Amino acid sequence: MLKVVNLKKYYGKTRAVDGVTFELKRKDEFFSLLGPSGCGKTTTLRIIAGLIKPDEGRVYFGNEDITDVPVEKREVGFVFQSYALFPHMTVFENVAFGLKLKKLPEEEIRKRVKEALELVGLQGLEDRYPRQLSGGQQQRVAIARAIAVHPKMLLFDEPLSNLDAKLRERVRFELVELQKKLKIPAIYVTHDQAEALVISDRIAVMNRGRIEQIGTPYEIYKRPKTPFVADFIGISNFLEGRVVGVDNEKGIATVEIKEGISLEGFLSRNVHKGSKAIISIRPENIRLAQKEGVNVVESKVVKKTFLGDSYDYRLVLGDIELRMKTGPEVELEVGQIVKVELKECIVFPKERR
Amino acid sequence: MKRGDKVGIILASLLAFYIFFPLGVMILESLATQWYRIQKWWAPEKVGIKWYVQVFQTPEIFKAIWMTFVIAITVAVFVILLNLLPAYVIGTGKIKFGRDFFETFGSIPQTVPAVALGVGMLPVYSRLGWLYTFHGIVLAHSVGAVPYVFRNLTNGFASIDPELEEAAKVFGAKGLTIIRKVYLPLLKPYLAAAGVLAFAWSINEFVLTMLLGYPTIATIAVKVYQNAGGYYWAPHLAGALSTLLVVPSLILIFLLEKYTGISLQRV
Amino acid sequence: MSMDERLKNFLYFSPLLIFFAVVLFWPLFNVFYTSSKEFGLANALALFKPDKYAWKSLIFTIRVAFVSTLLSAFFGYSIALILVMRKSYENVIIQVLRVPLFVPYIVIGFIWRALLAPKGYVTMILNILLTKLGFEPINFMGKGISINIAHIWLYIPMIFIISYAALVKINPEIIEAARSLGASGWVIIKKIYLPLTWRALITGTSIVFLAAFVGVSIPLILGSEPTYFPVYIYYILNQEFDIAKASAMSMVFVAISMFLGYIYFTLSIRLRRGGYQ
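Just so it is clear, the model here is predicted, and its values are computed rather than measured. (Residues numbered from 1 in each chain as written. Chains lettered and ligands numbered in written order. Predicted model: local features only at pLDDT ≥ 70, side-chain atom pairs only at ≥ 80, totals over all residues. Heavy atoms only, no water.)

Asker: Let's hear about the overall build of chain A: which residues, and what values?
Answerer: The secondary structure content of chain A amounts to eight helices and 20 strands. Projected onto the principal axes, the alpha-carbon positions of chain A cover approximately 80 × 45 × 35 Å. Within chain A, the proportion of its 353 residues that are buried is 50%. In chain A, once contacts between residues fewer than 6 apart in sequence are set aside, the share between residues at least 24 apart is 66%. Distance between charge centroids for chain A: 3 Å, based on 59 positive and 50 negative side chains. (Helix = DSSP H or I, 4+ residues; strand = E, 2+ residues; numbered from the N terminus. Buried < 20%, exposed > 50% of the residue type's maximum accessible area, 1.4 Å probe, protein only. Contact = heavy atoms within 4.5 Å. Lys, Arg positive; Asp, Glu negative; His and termini not counted. Charge placed at Lys NZ, Arg CZ, Asp CG, Glu CD.)

Asker: Requested: an account of the interface of chain B and chain C, with residues and values cited.
Answerer: At the interface, 101 residues of chain B touch 84 residues of chain C. Counting the contacts that link chain B with chain C gives one salt bridge. Among the salt bridges present, the one from C:Arg98 reaches B:Glu257, with a minimum N-O distance of 2.6 Å. With 17 residues, the top contributor of residues to the side of chain B that touches chain C is helix α1 (residues 6-31) of chain B. Of the residues in the side of chain B that touches chain C, the class split is 70 nonpolar, 18 polar and 13 charged. (Salt bridge = Lys/Arg side-chain N within 4 Å of Asp/Glu carboxyl O. Nonpolar A, V, L, I, M, F, W, Y, C, P; charged D, E, K, R; others polar.)

Asker: Which residues make up the nonpolar core, and what values do they have?
Answerer: Membership of the largest hydrophobic core comes to 269 residues, with the highest contact counts inside it found for A:Phe22, B:Tyr125, B:Phe206, B:Leu212, C:Ile192 and C:Tyr193. When residues of this core are assigned to their parent elements, the largest contribution, 16 residues, is made by helix α7 (residues 144-168) of chain C. For B:Phe206, the contacting residues outside a window of four places in its chain are B:Ala221, B:Val222, B:Tyr225, C:Ile106, C:Ser217, C:Leu220 and C:Tyr234. (Core = buried A, V, L, I, M, F, W, Y, C linked by side-chain atoms within 4.5 Å.)

Asker: Let's hear about the pattern of salt bridges: which residues, and what values?
Answerer: Residues and elements named next belong to chain A. Counted under the stated rule, the structure contains 34 salt bridges over all chains. Of the charged contacts, one joins Asp-65 and Arg-58 as a salt bridge, the two residues approaching to 2.9 Å between their closest N and O atoms. The partly exposed category is assigned to Asp-65, whose relative accessible area is 31%. Here Glu-333 ties to Lys-304 by a salt bridge, and the two come within 3.8 Å at their closest N and O atoms. Here Glu-333 is found in the loop between β18 (320-326) and β19 (337-342), whereas its partner Lys-304 is found in strand β16 (residues 296-306), with 29 residues between them in sequence. A relative accessible area of 29% means that Lys-304 is categorised as partly exposed. The network of salt bridges with shared partners includes Arg-26, Asp-28, Lys-180 and Asp-201.

Asker: Account for a positive patch on the surface, with residues named and values stated.
Answerer: Together, A:Lys100, A:Lys103, C:Lys190 and C:Lys191 line one region of the surface with positive charge. Note that C:Lys190 resides in helix α9 (residues 185-214). (Patch = residues over 30% accessible without salt bridge, like charges linked within 9 Å, V, L, I, M, F, W, Y side chains within 5 Å. Areas by Shrake-Rupley, 256 points an atom, 1.4 Å probe, with all protein chains shown as cover.)

Asker: Can you tell me about the packing of helix α5 (residues 114-128) of chain B against helix α11 (residues 229-240) of chain C, naming the residues and giving the values?
Answerer: Axis separation between α5(B) and α11(C) bottoms out at 10 Å; the angle between their running directions is 20°. When the axes of α5(B) and α11(C) are compared, the pair comes out roughly parallel. Seen along the crossing, α5(B) lies across α11(C) with a hand that is left-handed. For the pair α5(B) and α11(C), the contacting residues are B:Val115, B:Gly118, B:Val119 and B:Leu122 in the first and C:Pro230, C:Ile233, C:Tyr234 and C:Leu237 in the second. Counted by class, the contact of α5(B) with α11(C) contains seven nonpolar, one polar and no charged residues. (Axes fitted to C-alpha atoms, helices over the stretch in contact; angles between N-to-C directions. Parallel < 35°, antiparallel > 145°, perpendicular 65-115°, else oblique. Left-handed = near helix turned anticlockwise from the far one by under 90°.)

So this is what it looks like as structure tokens:
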């Protein structure tokens, strides 16, 4: 399947892509590149498509090195952020564009266009021009155009970012369904972590031109390997402290965050006793506790915000502030002292960035 | 920009040569004090600034230079004043209907050939007694400058947030005060563009000056014409006059674009 | 809109209207009036009989202007295409190509006369090459081709600027989409760039044809046989002082330029409104 090895692309001094390596495992894998803007995800996708030449590194498809194959020979389906529909062509002509270039017989073209439009649910709009369609419809035409040529893989560059929130949620599922039906690999670029978690088989989280972590949505969310991943995916509290104990067998470390307060957490990477560390805890993993125990601390409620389906509490632990997310049934008052258990902490070695 | 792209370098140098070589020859002609073109046809025997000295020492030519710039500046100011209010009404969308009509209307002079206009203007000017007068020439030059000024000012007014005017109205500002206090400061780059384009149009204008102003009023363009074959072939003097016409305006445009960040649209 | 506001808007326009009335519409009316009343339609038509000089001059002028336009359109649009597709040194090239637009026409005429004169650089270099290759040396002066050469120095940049402005407006993702679907080089030019910019190209060529057709300065300095039509009118006016005849000939001009101007403005308004983009 698709494999990229040590891709590098520099623009002057900016390292847009700085040594990216990954491999798709399955033939119908839905793989996402997730990261903030400017992290190099789109550049990586464009290198895979052949729209940009990498300064270093190779792209393989199957056993074939396709690094120097131009985009027009790669047989990829690319769905652009702006949809990039040809404004002077009808829906039919747009979808048929790639097929006509392949010099397929008229009848075959008609058949395939019909097929593609049916797959995206756009029958009957063949003669419209792009400007006569809604954003959602234009988006579907872009997908139909990409799949009509029967590409070897599908590449998506933030294709849903121009849709409104509700439509976006619906189209997500349709996209995955479609891709599984076609049984071709898909690479999906997005900065929206919720979107990536929902649709991907695996996610590569990128930052500053590098991959921070590759894993299933579950792994990425539950066991972030770096503070960046913990911060970017969902919301996390970060605490700093010093490592006072390491149990490599269980993969657990104990970190003292204040005089007399220590927390246990899962190791993300090796840490040494005595070194500085960062602990991350998700707001929903902070629970009210009845009795003393491991990772149970006393704190004071300083702020309370009702969010409809939940409460967002701000707690203070001396000079440390924590966010806690609870169900709407948990009623606490500002000023109240509560015992809370900090579950599923992750311990990261503190690095200088 | 891809540096080191061979096609780019070749194309850029070819075009630079194509555009600048003729201008270089213009300057060379102006500096040649002796050029027989018999054995050595490619370079003058002697060079110097003799022709420039002559230009400034011949009262008649010096007057033409002076006249050229006075006329051009007057044209620029006059045409801007003429177009300020119409451009305001159209640019800010005060007139919703017929915007196309007025845009076309304002651009009519562009499609009228100068010669045809001159043919028509001769009897009109002679009846009005405007022939060979300063204001007559200023008005004649202004016709062709209108489209540039009209378009730039309209774009300028259109680029300004209409809420600014409403905000000014809330504080009790009216009509001209709004234009003076709100629009003019924001309009500066567009005014500069309009002014320079009108100026460039005026110094370029030749036929109407020749038909309606000469011999009382002569501009550099007229003098270039006379020395470049109109009356006699004096390429060195014509070269000096051309250089005086071209180089200052190119520098002016370059500086204006550099410091205001605007790009003058000649077409 | 209230009556009051209408009146006010009209007042805003009135200085411009008066200006146009005196120095544009009245003269144009004069041209029309003089040519029909004083000169007469029959006389005017007689001027353009195939054996008359005016007719020869007109045909020659249309031919020269047409060739200049065609060459400028080809080179100007090609340079714009190369620049959009390769994106190298674009700022330099744009700045360089804008220079001729700010050189007075009369100076352009002079410069090319100096270059194309029998001892001018272009003529000399070309003739040295031609004689070495065994051909007859050529002479540019008085021929239409010298006007063409001077024209395209000014008009290639014009077409370039107009086409380039339209070409860069095309969403680059559209080009990438076409490539990802298997289109390359020529196909992209034919199927994407040209269909999306033909309006700009037509606008550009009509401006250039108009300018080349009616411009006096360049052919006046370069000279030609037969005389360039606008130059011919200029001579009738300035040397024969025959306003009636000049008016009659100008009518052809006014008619053709109004027609081309109409095409140009309807297209350019649509272009400004955005068209496809």
